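# Coordinate analysis (summary)
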Amino acid sequence: MHIVVCMKQVPRDNSVKINADLTINADGIEQIMNLFDEYAVEEALQWNEKLGGKVTILSIGPEDWKEQIRRALAMGATDSLLLSDPAFTKLDTFGAARVAAAAIKKLGDVDLVLCGRNSTDDETGAFAPALARLLGWAQLTYVGKVVSLESGKIVAERHLEEVVETVEASLPAVATVVKGINEPRYPSLLRIRKVAKVEIPTWSAADLGLSAADLTPALNLVNRVPPPPRPKGEVIEGKDAAEKVARLVDKLMEAQVI
Amino acid sequence: MANEIWVFIERTAHGDMAGVSKELLGKARELADANGMKVGALILGAGVGDLANTAFSYGADTAYVVDDGTLAQYTTDGYVGAAAALAKKYQPALILTGASFQMRDFSAALAAELDTGVAADSTNVAIENGVVSAVRSSHGGNVINTLTFAPGRTAVVSVRKQSFPEPQASPGRSGAVVTEAMPSVPMRAKVVSVAPKQGAVNLSDAAIIVSGGRGLGSPENYYKLIPPLAEAVGGAYGASRAIVDAGWVPYEHQVGQTGKTVSPKLYMAVGISGAIQHLAGMRSSRTIVAINKDPDAPIFRVATYGVVGDANEIVPLLTEEIKKRTGK
Ligand SMILES: Cc1cc2nc3c(=O)[nH]c(=O)nc-3n(C[C@H](O)[C@H](O)[C@H](O)COP(=O)(O)OP(=O)(O)OC[C@H]3O[C@@H](n4cnc5c(N)ncnc54)[C@H](O)[C@@H]3O)c2cc1C
Ligand SMILES: Nc1ncnc2c1ncn2[C@@H]1O[C@H](COP(=O)(O)O)[C@@H](O)[C@H]1O
């Protein structure tokens, strides 16, 4: 079984700034593996331990994303692939999915692609569905449990807002995972050292046969602003807890929120 | 490109039209009237009954219907296959859907099928000089993006519920029904079973949420203080990631960057410091109450009303006072 995990590097928190050219400025914020992708990596590793084969970490991003790719390799992934090209810097989600689809087609032997439910920076949740359609594969989003995985077939639980839907699909397929599907392992020190110098194959737009037209965004960002500031709040004072509570309840009733 | 705005009609568990679809029909009507366009209701299912008439009463001019056994249950292949065939034939300028998990699965796949992108989980949509734009937040609500779709491409926008008011129904209003057969599409996945989620809490729907954090000290204390307060105000209870990860409360209740994004009319944060990842999930709540013993806790920076004090002392008094004053 060859499982590909699409992994995105994101800022640890979202206290980002907006540059004059509307790009995001995350300077000074530590970069981490997108939380949901960590679950995807763990899920791939657990099935790989049962079934054998390969787990390839795939990222569409700049060179410095190699840091998180190495973390995934240190967790136990067997292979990696960075798709990097100056032409990829302005990709939208659909464009990124196009690049990933070209790479997965080129790999040729992929059975299952695992992604996170969404990225915690862009939060579109649209990458995996777009990838599935571009590949013409089955799509299973919000997976909270993979019940079985065998050659040609996956059975998984989709954890929706109010129901759990059990779905059976043919492979190859694309699935996205939610938090709680497993307990991601920490990379061992030994493995961290072992993968420190591993070469990470890198493919460019030309390697994938992608033209400028393939990479044109479907959506154009025309404005980007911070959220409006919240109206100034007030601290409820009082001589003791009972008085503070009484005043708070007055305010809440005046505002008609209770 | 036809001069139409389509709304995907979602149903509740009882088969009625979902509130979000009514909200979207209202918005579509407003945009259509301002731009000389028409409103189409996209109705897919098996036994769709009277939904077309309901859609007309909320502002649709035309109902595009595929009524077929294949669509008895949502599958990406079935629903996207039917919707894409209709959209390719009738070429709407804009397709609006809700933003539930199922609708995000649908809208993103449909967009790709139509060779375009999706503005996911948007909170506003506009049309100016034939160009569709959508507003959506990213980066945990710290960034508000306005996106436009290239003219000539169908725009697909999924919209967070309660972004628009629900319009008044006009029961007598009528429209045209266009019925199409289910196209033949590969069905690569099938639903084996659907079970209600145990202890499901749809925090995103709650009008009031009371959340607790590590400041409560123990799971016993959380359950002693938070659910009773939530009950007194008729709300649901939530949690910070710190206590979800510690196993006090199931993940369903987590609010924040890697949990639920909520914007109730009242959000109470008890013993929660207000880390940026928590704020990401609740900062757009209308009224925020913070109860924390540390006057410098960051949660106070977003709070409408802050109470500095020990939760163990404040919360039981607050629960009692609210019960007394609201007569519950
Ligand atoms: C990638 C990533 C994603 C994350 N996603 C989320 C997320 O989705 N949601 C989320 O919540 N967090 C998230 N976090 C974690 C976040 O950074 C914080 O660690 C977490 O929110 C802290 O939870 P807390 O406020 O309950 O605990 P703490 O930060 O420990 O705060 C406890 C608070 O309780 C107060 N307190 C103590 N005793 C009392 C008392 N007796 N009475 C009243 N107040 C008291 C303290 O003053 C303190 O302010 C994420 C972190 C990362 C790195
Ligand atoms: N640039 C990227 N490289 C690799 N994987 C990605 C990339 N963008 C998105 N993904 C995958 O798609 C998921 C959803 O991301 P998004 O659609 O941005 O919310 C992530 O959790 C990743 O698994």
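Chains are numbered independently. Their residues run from 1 in the order of the written sequence. Written order determines the labels here, with chains lettered from A and ligands numbered from 1. Local features in a predicted model are, by the rule used here, given only for residues with pLDDT of at least 70; side-chain atom pairs are given and counted only at 80 or more, and totals for whole chains, interfaces and linings are based on all residues. Hydrogens and waters are ignored; side-chain quantities use all the structure's heavy atoms.

## Focus on the sheet that holds strand S3 (residues 62-67) of chain B
Residue and element names in this part refer to chain B. The cut-off we apply is this: Two strands form a pair only when DSSP identifies at least two bridges running between them. Put simply, DSSP marks the helices as runs of H or I at least four residues long and the strands as runs of E at least two long, and each gets a number from the N terminus on. The axes used here are C-alpha line fits, helices contributing only the stretch in contact, and every angle between their N-to-C directions lies in the interval 0 to 180 degrees. By the convention used here, residues are in contact when the closest approach between their heavy atoms is within 4.5 Å.
Ordered by their spatial adjacency, seven strands build an open sheet running S5-S9-S4-S1-S2-S3-S10, and the pairing between neighbours is parallel. Lying at the two open borders of the sheet, with one neighbouring strand each, are strand S5 (118-122) and strand S10 (176-179). In this sheet, adjacent strand axes meet at a mean angle of 20° when their direction is disregarded. Two elements, strand S1 (residues 4-8) and strand S2 (residues 38-45), share five bridges in a ladder whose sense is parallel. Bridge pairing links phenylalanine 8 to leucine 42 in S2. Here helix H1 (residues 19-35) sits on the sheet and contacts S1, S2, strand S4 (94-97) and strand S9 (155-159); the angle it forms with S1, its principal contact strand, is near 175°. Here helix H3 (residues 76-90) sits on the sheet in contact with S1, S2, S3, S4 and S10, set at roughly 150° to S2.

## Here we look at the domain arrangement of chain B
All names here are of chain B. What counts, and what does not: Domain start and stop points were drawn from an automatic or database domain assignment. We define buried area as the total accessible area lost by two parts upon association, computed with a 1.4 Å probe and summed across both. Should a side-chain nitrogen of Lys or Arg be within 4 Å of a carboxyl oxygen of Asp or Glu, the pair is scored as a salt bridge. Here a polar contact is taken to be a pair of N or O atoms separated by no more than 3.5 Å, where protein atoms must pair a possible hydrogen donor with a possible acceptor and residues adjacent in sequence count only if both atoms sit in side chains. Under this grouping Gly is polar, as are all residues other than the nonpolar Ala, Val, Leu, Ile, Met, Phe, Trp, Tyr, Cys and Pro and the charged Asp, Glu, Lys and Arg.
Considered domain by domain, chain B is made up of domain 1 (4-179) and domain 2 (203-326). Each of domain 1 and domain 2 has a C-alpha centre, and the two are 34 Å apart. In this assembly, five residues from domain 1 lie in contact with five residues from domain 2. A buried area of about 450 Å², summed over both sides, lies between domain 1 and domain 2, and 44% of it is on carbon and sulfur atoms. The tally of links between domain 1 and domain 2 comes to one salt bridge. Its salt-bridge partner being aspartate 205, residue lysine 161 comes within 2.6 Å of it at the nearest N-O pair. Inspection of the region where domain 1 meets domain 2 yields one residue pair in polar contact (both at pLDDT 80 or more). A per-class count over the side of domain 1 that touches domain 2 returns no nonpolar, three polar and two charged.

## Structural notes on the environment of Ser122(B)
All names here are of chain B. Position of serine 122 among the secondary structure elements: in strand S5. Between the C-alpha atom of serine 122 and that of serine 204, which follows or precedes it by 82 residues, the distance is 15 Å. In this structure, serine 122 is in contact with Ala134, Val135, Arg136, Val157, Ser158, Val159, Arg160 and Ser163, ignoring residues within four places of it in sequence.

## Thoughts on the sheet that holds strand S15 (residues 234-235) of chain A
If you trace the six strands from one edge of the open sheet to the other, you get S15(A)-S16(B)-S15(B)-S14(B)-S12(B)-S13(B), paired in parallel fashion. Since the sheet does not close on itself, it has two edges, and those belong to S15 of chain A together with strand S13 (236-239) of chain B, each with one partner. With four bridges connecting them, strand S12 (residues 208-212) of chain B and S13(B) associate as parallel partners. Along S13(B), the bridge assignment pairs Gly212(B) with Ala239(B). Helix H5 (residues 219-232) of chain B rests against S12, S13 and strand S14 (266-270) of chain B of the sheet, and its axis sits at about 140° to S13(B). Sheet strands touched by helix H8 (residues 311-326) of chain B: S14, strand S15 (287-292) and strand S16 (305-308) of chain B. Its angle to S15(B), the strand with the most contacts, is close to 135°.

## Quick look at the packing of helix H6 (residues 241-254) of chain A against H8(B)
What counts here: For classification, angles of less than 35 degrees are called roughly parallel, those exceeding 145 degrees roughly antiparallel, those between 65 and 115 degrees roughly perpendicular, and all remaining angles oblique. By convention the crossing between two helices is left-handed if the near helix lies anticlockwise of the far one by an angle smaller than a right angle, and right-handed if it lies clockwise.
In contact at an axis separation of 9 Å, H6(A) and H8(B) are set at 45° when each is read in the N-to-C sense. Classified by the interaxial angle, the pair formed by H6(A) and H8(B) is oblique. Between H6(A) and H8(B) lies a crossing whose hand is right-handed. Across the interface between the two elements, Ala241(A), Ala242(A), Val245(A), Ala246(A), Leu248(A), Val249(A), Asp250(A) and Met253(A) from H6(A) touch Glu313(B), Ile314(B), Leu317(B), Leu318(B), Glu321(B), Ile322(B), Arg325(B) and Thr326(B) from H8(B). Classifying every residue of the contact of H6(A) with H8(B) by side-chain character gives 11 nonpolar, one polar and four charged.

## Observations concerning the site of ligand 1
What counts is decided by this rule: We call a residue near a given molecule or strand whenever any one of its heavy atoms falls within 4 Å of it. Note that accessible areas follow from Shrake-Rupley with a 1.4 Å probe, and for residues the cover is restricted to the protein chains shown.
As a structural note, the neighbourhood of ligand 1 is formed by 27 residues, with Ser240(B), Thr258(B), Ser273(B), Gln277(B) and Asn292(B) the closest of them. Chains contributing residues to the immediate surroundings of ligand 1 are chains A and B. Thr258(B) places a side-chain nitrogen or oxygen 2.8 Å from a nitrogen atom of ligand 1. At a separation of 3.3 Å, a nitrogen atom of ligand 1 approaches a polar backbone atom of Lys293(B). Relative to its unbound accessible surface of 990 Å², ligand 1 loses 83% to contact with the protein. Of all the secondary structure elements, the ones that give two or more residues to the shell around ligand 1 are helix H6 (241-245), helix H7 (276-282) and H8 of chain B. Of the residues that constitute the shell around ligand 1, the class distribution is six nonpolar, 15 polar and six charged.

## A closer look at the pairing of S9(B)
Residue and element names in this part refer to chain B. Let me state the cut-off plainly: Relative accessibility thresholds used throughout: buried, under 20% of the residue-type maximum; exposed, over 50%; partly exposed, between the two (1.4 Å probe, protein chains only).
S9 sits mainly inside the fold: five of its five residues count as buried. Side chains Ala155, Val157 and Val159 project from S9 onto one buried face, and the interleaved Val156 and Ser158 project onto a second face that is buried too. Examined bridge by bridge, S4 and S9 share four bridges and lie parallel to one another. Following the sheet pairing, isoleucine 95 is matched in S9 by valine 156. Here three bridges tie S5 to S9, and the two strands are oriented parallel to one another. Within S9, the residue paired with serine 122 across the bridge is valine 159.

## Overview of unusual backbone geometry
Here the bond from Leu171(A) into Pro172(A) is cis, since omega is -5°, no more than 30 degrees from zero. Positioned with a positive phi, Leu22(A) is a non-glycine residue whose angle comes to about 75°. Structurally, the position occupied by Leu22(A) is in the loop between strand S3 (17-18) and strand S4 (24-25). You will see that His139(B), though not glycine, has its phi angle at about 50°, which is positive. Inspection of the secondary structure puts His139(B) in the loop between strand S7 (131-138) and strand S8 (143-149). Looking at His139(B), the relative accessible area reads 3%, which means it is buried.

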